[in-house]
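Topology and contacts: notes
Each chain, letter by letter, is given below.
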Amino acid sequence: MSQKHTYASLAKDIANHSSDFAQTLSLGNLLDRHGLLALSEMSDATLKTYRHLKSTLGLATLKTMLHGTDVETLLAMQGTLTKNGVRYRHLIEILQDAKEMGFVPSREACSKISLSFMTLGDYAGQLAWDTTVQQIHPGFTPIVPEDSQPESHQRRPYQQHHHNHNNHNNHNNHYNSEQQKQHNDQHQYQHQSQSSQHLKPNNNNNNHINNNNGNNHRKQHNKHHNQGAQNHPRNGDPSEAISRACRVGYAAVALEEISKMVNKGLLPSPQSIAETIQVCAKREKERTTNYQELYDLAMRSVDMIKDLTQRRAAEYEVYNAMLVANATLGDMPAAKKNYDDIVELGQFPDATGYATLLIATTTGAIDEAHDALKILEEVKRHKIKPNIFFYNVVIGKLSRGRKIERVLEVYEDMIASKIRPNAITYGTLISACTRVGSEEMARSLFEEMTSSSNYHPRQGPHNAMIQFYVRQKKDREAALRYYQDMLDRKLSPTEHTYTLLVEAFACIEPYNMTEAKHLVQSLKRGPIRACEAHYGVLIYSYGVIHHDVAAAEVMFNNMHKAEIVPKGPAYQALIEGFITANNVNRAVELRNELLASGQPSSAYIENTLIRGFGQAKNIIAAEDIFSAMTDPHAVKAPGAIVKEPSTYHSMVTAYLEIGMLDKAYTTLTMMRDQHYPELVIKPVEEEINVA
């Protein structure tokens with residue numbers, strides 16, 4: 001055992017046997033200063049003691065036992081725990097207690113917590129935390145450390161691996177001279193100096209950018225493949241403060257630093273503005289930023305660069321940033337324009353640019369898998385170095401298309417490229433394996449993930465394994481083992497975890513509806529509240545599994561009484577119950593009630609009605625529903641419901657109900673024309689063959 005672990009273990013023993021709460025907090029403060037708090041594993045017990053004292057003695061009495069720094073220690077302790085969606089609630093609870101007791105944690109301590117949310121990728125939690133801190137420290141914005149490190153590949157989307165790295169230092173020297181020139185040209189930017197508000201969120205929601213302004217004169221016909229250096233500002237350059245804020249994801253801080261420079265008559269570097277564009281696009285709060293103004297400012301800064309090669313490198317950074325931003329915001333025509341701008345420079349988007357385009361492409365699982373393979377080939381052909389974000393997106397798209405062989409090939413390629421998988425990678429891989437029923441491979445990947453040196457527990461992979469054993473293997477005991485492992489790793493269950501647990505008791509023999517209902521009832525008191533999905537499982541179990549549609553309707557009404565407004569899943573479950581009860585007319589009424597409430601139907605609801613009409617021998621009604629749905633490759637009208645593989649399967653089943661074998665084969669041919677994987681088509685073909 002290392003010396004650090006020895007000290008941490010000793011501190012934990014002292015804390016566990018101490019009846020002096022103030023002494024325990026002092027010890028925690030000492031450990032935190034030396035970076036040993038997490039190792040000590042004393043945070044959980046100390047925080048339980050804190051909450052017990054608060055509930056029994058009250059805050060007024062507890063205040064007499066604490067010092068101002070003790071609150072910061074409690075925050076630091078809470079920061080080592082509950083790394084998930086409820087983490088911010090526990091931290092805000094301590095912050096609000098501190099406010100009531102008259103203690104004010106320092107800005108530095110609050111910034112440290114804010115930065116920890118960014119490290120975890122919990123942007124919603126960061127926003128909630130920062131907003132609460134502003135009640136104590138008006139105008140609070142996080143302090144970005146001078147020595148902040150760049151984020152991982154997936155959080156540095158502006159990184160581009162060029163073939164020519166020789167100009168980097170030259171460009172830095174050049175840019176410093178350009179900064180001096182900007183001091184002398186303040187009058188050129190006087191209109192920006194008058195107000196920094198132009199760069200703040202634009203209340204008119206003018207998010208989407210038309211990048212035609214002055215582009216043509218910047219385009220060169222002498223193409224060079226992905227050449228040029230990045231325009232990284234050096235220490236001492238005012239733009240470094242912008243880049244530092246972007247590296248830790250503080251979009252608001254980056255915008256503020258840009259405004260400060262503009263107010264002084266200075267232009268930030270193109271690279272720092274490009275970083276800001278991408279960080280803003282990733283943050284919901286900053287998505288109303290005026291990207292057009294940021295783009296114009298960046299191109300004005302580009303114009304200050306005299307060297308043609310360096311200017312082209314800067315243009316590339318800005319175009320690539322705008323591509324990522326527009327694709328993230330869903331403005332695909334603008335993103336395509338950005339792509340064309342990059343190609344006209346003789347270059348190509350970076351790995352994150354391609355990955356963002358893939359994410360924005362939602363043409364159906366099969367088409368998206370084909371798109372992923374095409375983009376993967378393009379990235380390799382142009383020798384663009386993939387990053388972990390790119391690999392995760394490609395693996396995810398291939399997984400949705402059930403192309404398991406290609407998923408594993410891409411994973412092997414990723415390992416060969418010396419890119420270490422993260423929790424998202426493993427979660428996606430495990431989901432891919434469970435989609436095709438590969439239990440042994442899923443378990444092997446899970447064990448590989450949990451034993452890796454850089455493993456950070458996340459709920460996704462655990463949920464994937466629980467879902468596999470609940471929905472495919474129907475093994476409640478195995479599902480509960482992975483649930484217990486989740487708890488052992490101090491991971492709080494998510495809303496989806498609880499949905500799966502309710503399914504484990506309500507949908508796997510021997511059924512235990514008492515336990516399933518108890519689980520849903522317990523969610524009325526916890527951080528995760530009961531929702532439509534949880535009630536939907538109970539409705540499905542009563543209506544479909546137990547053939548008790550009356551009990552299913554009671555549960556549906558109970559959901560309404562709990563003030564949960566159904567938006568689709570609960571309706572689907574109840575509709576399936578009525579189809580099971582051979583009451584297709586009531587099922588149609590429910591579908592129409594859903595539409596009347598302003599919510600859309602879904603492919604799965606329509607599929608259920610197709611099967612219901614097939615059972616009722618009303619094949620014309622079934623065909624009408626099938627025909628009204630849109631083929632995956634057809635042009636999609638607003639509100640159209642796109643056929644899924646299960647839609648074709650449902651229509652085949654309806655035809656087989658009345659012995660129309662030829663029509664069933666015709667539908668199978670239509671399904672094959674959509675290029676679905678053989679794994680998807682085979683069960684439908686087998687059903688026809690045994691008919």
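Residues numbered from 1 in each chain as written. Predicted model: local features only at pLDDT ≥ 70, side-chain atom pairs only at ≥ 80, totals over all residues. Heavy atoms only, no water.

The protein is annotated in an unreviewed UniProt entry as PROP1-like PPR domain-containing protein from Modicella reniformis. Annotation of the protein in UniProt includes, under Sequence similarities (unreviewed entry), the sentence "Belongs to the PPR family. P subfamily." (UniProt positions renumbered as here; feature names shortened; annotations may be inferred.)

What the protein contains, in helices and strands, is 36 helices and 0 strands. By residue count, 52% of the 691 residues in the protein fall in the buried class. Considering only residue pairs separated by 6 or more positions, the protein has 70% of its internal contacts joining residues 24 or more positions apart. Surface summary for the protein: the accessible area is close to 31,100 Å², and the carbon and sulfur share equals 50%. (Helix = DSSP H or I, 4+ residues; strand = E, 2+ residues; numbered from the N terminus. Buried < 20%, exposed > 50% of the residue type's maximum accessible area, 1.4 Å probe, protein only. Contact = heavy atoms within 4.5 Å. Areas by Shrake-Rupley, 256 points an atom, 1.4 Å probe, with all protein chains shown as cover.)

Moving on, we come to the UniProt feature "repeat: PPR" (unreviewed entry) in the protein. The feature "repeat: PPR" (unreviewed entry), as given by UniProt, occupies residues 387–421 and 422–452 in the numbering adopted here. Secondary structure across residues 387–421 comprises 74% helix and 0% strand; the distance between its end C-alpha atoms is 10 Å.

Next up on the list: the side chain of Glu 378. Along the chain, Glu 378 falls in helix 19 (residues 365–381). Among buried Asp, Glu, Lys and Arg side chains, Glu 378 stands out as unpaired, with Arg 381 the closest opposite charge at 4.4 Å. In this structure, Glu 378 is in contact with Tyr 339, Phe 348 and Tyr 354, ignoring residues within four places of it in sequence. (Lys, Arg positive; Asp, Glu negative; His and termini not counted. Salt bridge = Lys/Arg side-chain N within 4 Å of Asp/Glu carboxyl O.)

Bringing the packing of aromatic side chains into the picture now. By convention here, two paired aromatic rings are described through the distance between centres and the angle between planes. Going through the model one piece at a time under the given rule, you end up with 8 aromatic pairs. Ring geometry for Phe 468 versus Tyr 469: centroids 5.1 Å apart, planes at 70 degrees, classification edge-to-face. In this structure, Phe 468 and Tyr 469 share a single accessibility class: buried. Aromatic pair Tyr 648 and Tyr 676: ring centres 6.1 Å apart, planes at 65 degrees, arrangement edge-to-face. (Phe/Tyr/Trp six-rings, centres within 6.5 Å; stacked < 30°, edge-to-face > 60°.)

Let us look at helix 26 (residues 495–506). The terminal C-alpha atoms of helix 26 lie 17 Å apart, and with 12 residues this matches the ideal 16 Å at 1.5 Å per residue to within 8%. In terms of residue burial, helix 26 counts as a mostly covered element, since 10 of its 12 residues are buried. Turning to helix 26, its buried residues are Thr 497, Tyr 498, Thr 499, Leu 500, Leu 501, Val 502, Glu 503, Ala 504, Phe 505 and Ala 506. In this structure, the buried side of helix 26 is in contact with helix 24 (459–472), helix 25 (476–488), helix 27 (513–522) and helix 28 (532–545). (Expected span 1.5 Å × (residues − 1).)

Here we take up the packing of helix 16 (residues 308–329) against helix 17 (residues 332–344). Look at helix 16 against helix 17: their axes get within 8 Å of each other, and the N-to-C directions meet at 160 degrees. Put simply, helix 16 runs roughly antiparallel to helix 17. For the crossing formed where helix 16 meets helix 17, the hand is left-handed. Residue-level contacts link Tyr 316, Tyr 319, Asn 320, Met 322, Leu 323, Asn 326 and Ala 327 of helix 16 to Met 332, Ala 334, Ala 335, Asn 338, Tyr 339, Asp 341 and Ile 342 of helix 17. For the contact of helix 16 with helix 17, the residue count by class is 10 nonpolar, 3 polar and 1 charged. (Axes fitted to C-alpha atoms, helices over the stretch in contact; angles between N-to-C directions. Parallel < 35°, antiparallel > 145°, perpendicular 65-115°, else oblique. Left-handed = near helix turned anticlockwise from the far one by under 90°. Nonpolar A, V, L, I, M, F, W, Y, C, P; charged D, E, K, R; others polar.)

To continue, consider the confidence of the model for the protein. Of all residues in the protein, 81% have pLDDT values of 70 or greater, and the mean over the chain is 81. Predicted confidence for residues 149–231 stays below pLDDT 50, and this span has 214 contacts to residues more than four positions away or in other chains. (pLDDT = per-residue confidence, 0-100.)

Pairing is possible between side chains that carry opposite charge, provided their charged atoms lie close to one another. This model, assessed by the stated rule, comprises 25 salt bridges. Note that Lys 260 is salt-bridged to Glu 257, the shortest N-O span being 3.6 Å. On the criterion of helical spacing, the pair formed by Lys 260 and Glu 257 is a turn pair, its members being 3 residues apart in helix 13 (residues 251–263). On the basis of relative accessibility, which here comes to 19%, the residue Glu 257 falls in the buried class.

Below, the discussion takes up the environment of Pro 461. Topologically, Pro 461 is positioned in helix 24. On a C-alpha basis, the gap between Pro 461 and Met 449 in space is 9.0 Å, while along the polypeptide they are 12 residues apart. If near-sequence neighbours (up to four positions away) are discounted, Pro 461 is found in contact with Ala 423, Gly 427, Ile 430, Phe 446 and Met 449.

A separate point is helix 2 (residues 21–33). Its 13 residues give helix 2 an end-to-end C-alpha distance of 19 Å, which sits within 8% of 18 Å, the value for a rise of 1.5 Å per residue. Every buried residue of helix 2 is accounted for by Phe 21, Thr 24, Leu 25, Leu 27, Gly 28 and Leu 31. Buried residues of helix 2 fall within an arc of 160 degrees about the axis and therefore sit on the same side. Trailing helix 2 by a residue or two, Gly 35 shows a phi angle of about 70 degrees, which is positive. (Arc of directions from axis to C-beta.)

Checked against the element boundaries, Pro 238 lands in the loop between helix 11 (190–193) and helix 12 (239–247). Relative accessible area serves as the criterion here: at 33%, Pro 238 is assigned to the partly exposed category. Each C-alpha atom of the pair Pro 238 and Leu 267 lies 9.3 Å from the other, and the pair is 29 residues apart in sequence.

Moving on: the packing of helix 27 against helix 28. Across the interface, helix 27 lies against helix 28 with an axial gap of 10 Å and an inter-helix angle of 160 degrees. By the criterion of interaxial angle, the relationship of helix 27 to helix 28 is roughly antiparallel. Taken as a pair, helix 27 and helix 28 cross one another with a handedness that is left-handed. Of helix 28, the residues touching helix 27 (which contributes Met 513, Ala 516, Lys 517, Val 520 and Gln 521) are His 534, Tyr 535, Leu 538, Ser 541 and Tyr 542. In terms of residue class, the contact of helix 27 with helix 28 is made up of 6 nonpolar, 3 polar and 1 charged.

Our next topic: the environment of Thr 64. Its location among the elements puts Thr 64 in the loop between helix 5 (59–63) and helix 6 (68–79). Accessibility expressed as a relative area gives 65% for Thr 64, which makes it exposed.

Moving on to unusual backbone geometry. Note: most residues except glycine have negative phi, and most peptide bonds are trans. Here the bond from Glu 509 into Pro 510 is cis, since omega is -10 degrees, no more than 30 degrees from zero. Within the secondary structure layout, Pro 510 lies in the loop between helix 26 and helix 27. For Lys 418, which is not glycine, the phi torsion reads 60 degrees and is therefore positive. The phi dihedral of His 547 falls on the positive side, at around 55 degrees, and the residue is not glycine. Among the secondary structure elements, His 547 is positioned in the loop between helix 28 and helix 29 (549–561).

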